Amino acid sequence: MKNKHFFTFFVTLLLFVSCSDKTPVLLNRTEFALGTYCTVKIYGMSEGKANSALKEAFARLSKIESIASAKNPDSELFYVNENAYGNGVVAVSEELFALLYSGLFYSRLTEGAFDITLGAIVELWGIGTENARIPSPEEIAVAVENSGYEHLLLNEAELSVRFLKSGLKVDLGAFAKGYAADEMQRVLIEHGVENAIIDLGGDIITIGGNNGAGWRIGLTDPQNTGEVCAVLRVSDKAIVTSGDYERYFMHEGKRYHHIFDRNTGYPAESGLRSATVAFEHMGIHGAAIHADALSTAFFVMGKEKAVEFVSTFQQINYILIDDGLNFTFSEGLDLEIIK
Ligand code: AMP
Ligand code: MG
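Residues numbered from 1 in each chain as written. Chains lettered and ligands numbered in written order. Predicted model: local features only at pLDDT ≥ 70, side-chain atom pairs only at ≥ 80, totals over all residues. Heavy atoms only, no water.

Peer 1: I'd like a description of the nonpolar core, backed by residues and values.
Peer 2: With 76 residues, the main nonpolar core has Ile42, Leu61, Leu172, Phe175, Leu188, Ile198 and Phe298 as its most contacted residues. Ranked by residue count, the leading element in this core is helix α7 (residues 287-301), at eleven residues. Membership of the second largest hydrophobic core comes to 18 residues, among which are Tyr43, Ile239, Ala278 and Leu335. (Core = buried A, V, L, I, M, F, W, Y, C linked by side-chain atoms within 4.5 Å. Buried < 20%, exposed > 50% of the residue type's maximum accessible area, 1.4 Å probe, protein only. Helix = DSSP H or I, 4+ residues; strand = E, 2+ residues; numbered from the N terminus.)

Peer 1: I'd love a proper account of the site of ligand 1, names of residues and values included.
Peer 2: As a structural note, the neighbourhood of ligand 1 is formed by 17 residues, with Ala113, Asp115, Ser242, Phe260 and Thr296 the closest of them. One of the backbone nitrogen or oxygen atoms of Asp115 is found 2.9 Å away from a nitrogen atom of ligand 1. Side-chain polar atom of Asp171 to an oxygen atom of ligand 1: 3.0 Å apart, as the coordinates give it. Examining the composition of the shell around ligand 1, we find that three residues originate from one element, α7, more than from any other. Looking at the shell around ligand 1 residue by residue, the classes come out as eight nonpolar, four polar and five charged. Residues from two domains meet in the shell around ligand 1; each of domain 1 (24-66 + 182-337) and domain 2 (76-163) gives at least three. (Near = heavy atom within 4 Å. Polar contact = N/O pair within 3.5 Å; in protein donor to acceptor, adjacent residues only side chain to side chain. Nonpolar A, V, L, I, M, F, W, Y, C, P; charged D, E, K, R; others polar. Domains from an automatic or database assignment.)

Peer 1: Could you give an account of the domain arrangement of the protein, with specific residues and numbers?
Peer 2: Here the protein is partitioned into domain 1 (24-66 + 182-337) and domain 2 (76-163). Distance from the C-alpha centre of domain 1 to the C-alpha centre of domain 2: 23 Å. Residue-level contacts link 27 residues of domain 1 with 26 residues of domain 2. Here domain 1 packs against domain 2, burying approximately 2,100 Å² in sum over the two surfaces, 73% of which is carbon and sulfur. Among the residues domain 1 hides against domain 2, the three largest losses belong to Phe249, Phe260 and Arg262. Together they make up 34% of the total. Counting the contacts that link domain 1 with domain 2 gives three salt bridges. For Arg262, the salt bridge is made with Asp115, and the minimal N-O distance between the two is 2.8 Å. When contributions to the side of domain 1 that touches domain 2 are tallied by element, the ones reaching two or more residues are α1 (47-68), β13 (248-251), β14 (254-257) and α7. Class assignment for the residues of the side of domain 1 that touches domain 2 results in 15 nonpolar, nine polar and three charged. (Contact = heavy atoms within 4.5 Å. Buried area = accessible area lost by both parts, 1.4 Å probe. Salt bridge = Lys/Arg side-chain N within 4 Å of Asp/Glu carboxyl O.)

Peer 1: Describe the coordination of the magnesium ion (ligand 2), naming the residues involved and giving the relevant values.
Peer 2: Where a metal carries four tetrahedral donors, each ideal angle is 109.5 degrees; where it carries six octahedral donors, the ideal angles are 90 or 180 degrees. Those donors, Ala174 (O), Asp292 (O), Asp292 (OD) and Thr296 (OG1), are the protein atoms that reach the magnesium ion (ligand 2), and they lie 2.0 to 2.4 Å from it. Sequence positions of the residues that donate to the magnesium ion (ligand 2) give the spacing A-x117-D-x3-T. Here Thr296 and Asp292 lie together in helix α7, a separation of four residues that amounts to about one turn. Across the pair, Thr296 and Asp292 agree in class, each one buried. (Donors = N, O, S within 2.8 Å, 3.2 Å for Na, K, Ca; no water.)

Below is the structure:
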């Protein structure tokens, strides 16, 4: 890449703008997985090594999809959703168990703002599918009744799962991409990758510091999703955004989006248009799953509750954009607001 040239790359949530010739992009691969376009860009290493790193990272991604997708009838999670009520317990793989376990952890931690058991509500609305519609209040009441992490029982000794309610469905969509990004990061680092960007439809991990230049990541303008409203400069961070413009439909001037409030069964109306969470990963993996769970939770909580939550649990970097396009963000971020 030449000095004054930008490369720009649109993703669902964020727009990347990187401008440095210090670490030219070497290999770039995109695949569709977990309902989104997943791209990895590796900078500055030998082509053979980068190729095998990419191959393994994407193999890891498709393995995770075969476990954690709620939509794929062949996935392990799909089997659990069909069988964990009534037929006794369902034994699961260690990996799915670990995901359910941390999902339950974040569900409790956020008091249900993030809740991995909203599958009935998600399915009913069908946002982002051709069956998207506004359900009747009665249907919504039933789906709310059939949701809630308190109806999910995990047995660590047996690695088994049991639902205490018929109709309960687990949906890991709010943090599976973060988990996959973490896992891909681990694979890349094991292969000696030092500078890379993993972008799973807006769940982003930057590896390395772009030789001191940092990576510049643009935040989508919620009111004009083809444009950027702020630029974040980072290195070695996971950055994840939840926004109401990702998947939605409009009806009579009102936006119906894909992030739900389990108390109402309707798309969350917290006054936020987007919530971004950024964590330093310092080469240790696990930052993106954390950022993914919390960005969804903050979106549902709204500004006041999210800020209060952060005051209890320190070291969470966040950027909240409300429906007036006002920014609320934590100190210590290298953030440039351009609108
Ligand atoms: P995200 O874009 O990470 O905020 O995740 C949104 C996805 O997670 C949706 O498409 C649903 O599959 C699922 N979901 C929706 N609302 C919630 C919620 N409150 N807690 C957990 N998962 C949710
Ligand atoms: Mg999320």
